[in-house]
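# Observations on the model geometry
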Amino acid sequence: MTDTDLDRLIACPTCDLLHEVAPVEPGYKARCRRCHTVLIAPRRQSMDVAIALAVTTTVLMIGAVSFPFLSMSQSGLQKSTSILGMVAIFDHGLMIVAGAFVAMMVIALPLVRALALIYTLLPLRLGRKPAPGAKRVFLFAQWLLPWAMTEIFIVGTMVALVKLMGLASVSFGPAFWLYCILVVVVAFKDASVCKWSTWKLLNQSAAA
Amino acid sequence: MVDMETSEPIRRGLTARQAGLVGCVRCGTVHRRGTKECRTCGARLHSRDRMSLQHVWAWWFAGLFVYIPANLLPMLRTEILGRTVDSTIIGGVIEFIAHGDYFVGIVVLLASVAIPVGKFIAVAYLALSVQFGLKIRKHRRHVLFEVVEFIGRWSMVDVFVVALTAALVQLGFVISIVPGLGAVCFALSVAFTMLSAQSFDTRAIWDRIEEQDQT
């Protein structure tokens, strides 16, 4: 069998079962027969949507780290914090390790994933050849997926709020609302990218 | 149109390995056996990753190793009017429940105790069952893995709660809260167990299920 013959097949990344690649209508999903992993899920105007949402994510993240996130007041004393202030709490010795984790999972990795998507898709959208190292960047962004924890951070915020509400009055800063929107935008961005279609496009435009 | 040669393995429901081929775990592209690198995405190819289980166990032990101090060292250190109180994970949960804060208590208990402990057991069970071919009911092993992969990262919730609490509760002499070393150990433990689950070659789980079906 030649590579062209093999390109008619797709092996499920989760369970290795072979399938024949069939054209999938935008908006539909092709799943593995055996383990139901999504294999191909093209979207209409997928690239425009993905790029737009990735840019939105970047802007929202810049806003979310610039403004106050939460503030607390009790008996005339007040304390407000930004997301960066929360990272800065881990300021000495081994604590810096925990600070680095929080900074990566809440700020850096969601941003890196958005920028990686723009880097991969924008040249393709403009009909150019893929950017240097685009494949590696796209692969890395896929690997990072479980490490970007925007939704988990918002749930953590809710728990902290419930915990602190008994202690003092807590109010929301603009960064809180920006981050809530960001969680939703990131979810839509991730759902708008079909890995299989993107890999095919990356290869076609590299060969062209 | 697909010619006979490529449609045959699909009709018989074969895996890439059974058909003498190699599938890429990153993008699904199919290659001839012996190919080193995926022609589509450039990832390294393994028919089955033999190193996979060793990596799973290495990260598993690293995760367990730091999970112990995560429970013994304080997660939070509270200073109220000059008095210092350390609270561990379990100590914190007991305090919340005692104060009637059932919601926070149960979330912390789930995220910091139930999920990590469940994940250690589930990953060990899966790894051992792949290694020794233990019998498990069909699909149960895979459902278990999906739960581990999907749920595991939610343990991080507690670290975020600690960070926010410490950042906000800084009211000078009255009350201030700083994170403890337990938080560092806990964050590391979550990261290590995530790496353990990510190292798992899920295809090996399905190979076992296949073998059981045939007997």
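Parameters and conventions
Residues numbered from 1 in each chain as written. Chains lettered and ligands numbered in written order. Predicted model: local features only at pLDDT ≥ 70, side-chain atom pairs only at ≥ 80, totals over all residues. Heavy atoms only, no water. Helix = DSSP H or I, 4+ residues; strand = E, 2+ residues; numbered from the N terminus. Rg over C-alpha atoms; globule rule 2.2 N^0.38 Å. Expected span 1.5 Å × (residues − 1). Bend = angle between axes of the 7 residues up to and from the residue. UniProt positions renumbered as here; feature names shortened; annotations may be inferred. Buried < 20%, exposed > 50% of the residue type's maximum accessible area, 1.4 Å probe, protein only. Phe/Tyr/Trp six-rings, centres within 6.5 Å; stacked < 30°, edge-to-face > 60°. Contact = heavy atoms within 4.5 Å. Buried area = accessible area lost by both parts, 1.4 Å probe. Salt bridge = Lys/Arg side-chain N within 4 Å of Asp/Glu carboxyl O. Polar contact = N/O pair within 3.5 Å; in protein donor to acceptor, adjacent residues only side chain to side chain. Nonpolar A, V, L, I, M, F, W, Y, C, P; charged D, E, K, R; others polar. Domains from an automatic or database assignment.

## Brief notes about the overall build of chain B
If you tally the helices and strands in chain B, you get 8 helices and 6 strands. Helices and strands appear in chain B in the N-to-C order α-β-β-α-β-β-α-α-α-α-β-β-α-α. The C-alpha radius of gyration computed for chain B amounts to 23 Å, which surpasses the reference 17 Å derived for 215 residues by more than 25%, pointing to a less compact arrangement than a globule. For the C-alpha atoms alone, the extent of chain B along its principal axes is close to 80 × 35 × 30 Å.

## Digging into helix α4 (residues 102-132) of chain B
Helical periodicity: at 3.6 residues per turn, an α-helix aligns residues three or four positions apart in one direction. Taking 1.5 Å per residue, 31 residues should reach 45 Å; α4(B) reaches 42 Å between its end C-alpha atoms and fits that length. Of all the bends in α4(B), the greatest measures close to 40° and is centred on Leu110(B).

## Quick notes on the UniProt feature "transmembrane region" (unreviewed entry) in chain B
All names here are of chain B. Under the UniProt annotation, "transmembrane region" (unreviewed entry) lies at residues 57-76, 117-134, 155-175 and 181-200. From the first C-alpha to the last, residues 117-134 spans 21 Å; its make-up is 89% helix and 0% strand. Between the end C-alpha atoms of residues 155-175 there is a gap of 27 Å, over a span that is 57% helix and 14% strand.

## Here we look at the UniProt feature "transmembrane region" (unreviewed entry) in chain A
Residue and element names in this part refer to chain A. Those residues carrying the UniProt feature "transmembrane region" (unreviewed entry) are residues 49-72, 92-116, 137-161 and 167-188 in this numbering. The span residues 49-72 shows a helical share of 75% and a strand share of 12%, and its end C-alpha atoms are spaced 38 Å apart. Between the end C-alpha atoms of residues 137-161 there is a gap of 37 Å, over a span that is 80% helix and 0% strand.

## Some remarks on the environment of Arg8(A)
All names here are of chain A. Within the secondary structure, Arg8 sits in the loop between α1 (3-6) and β1 (9-11). Overall, Arg8 belongs to the partly exposed group, its relative accessible area being 29%. For the pair formed by Arg8 and Ala22, sequence separation is 14 residues and the distance between their alpha carbons is 8.2 Å.

## Examining the packing of aromatic side chains
Each aromatic ring pair is summarised here by two numbers: the centre-to-centre distance and the angle between the ring planes. Residue and element names in this part refer to chain B. Scanning the model with the defined rule gives 16 aromatic pairs over all chains in all. Residues Tyr67 and Phe186 carry aromatic rings whose centres are separated by 6.3 Å and whose planes lie at 50° to one another, so their mutual orientation is tilted. Of the two residues, Tyr67 is situated in helix α2 (residues 52-72) and Phe186 in helix α7 (residues 181-199); the sequence distance between them amounts to 119 residues. Residue Phe186 is classed as buried on the basis of its relative accessible area, which comes to 0%.

## Some words on the interface of chain B and chain A
Taken together, the contacts link 69 residues of chain B with 67 residues of chain A. Between chain B and chain A, roughly 6,400 Å² of surface is buried when both sides are summed, and carbon and sulfur atoms account for 72% of that area. It is Phe160(B), Leu164(B) and Leu168(B) that lose the most area in chain B upon contact with chain A, and together they represent 11% of the buried surface on that side. Along the contact surface separating chain B from chain A lie 3 salt bridges. The tally of links between chain B and chain A comes to 15 residue pairs in polar contact (both at pLDDT 80 or more). Per-element accounting of the side of chain B that touches chain A gives the leading share, 10 residues, to helix α6 (residues 157-168) of chain B. Per-class residue counts for the side of chain B that touches chain A are 43 nonpolar, 15 polar and 11 charged.

## What about the domain arrangement of chain B?
Domain parsing of chain B yields domain 1 (1-47) and domain 2 (52-214). Centre-to-centre, using C-alpha coordinates, domain 1 of chain B lies 36 Å away from domain 2 of chain B.

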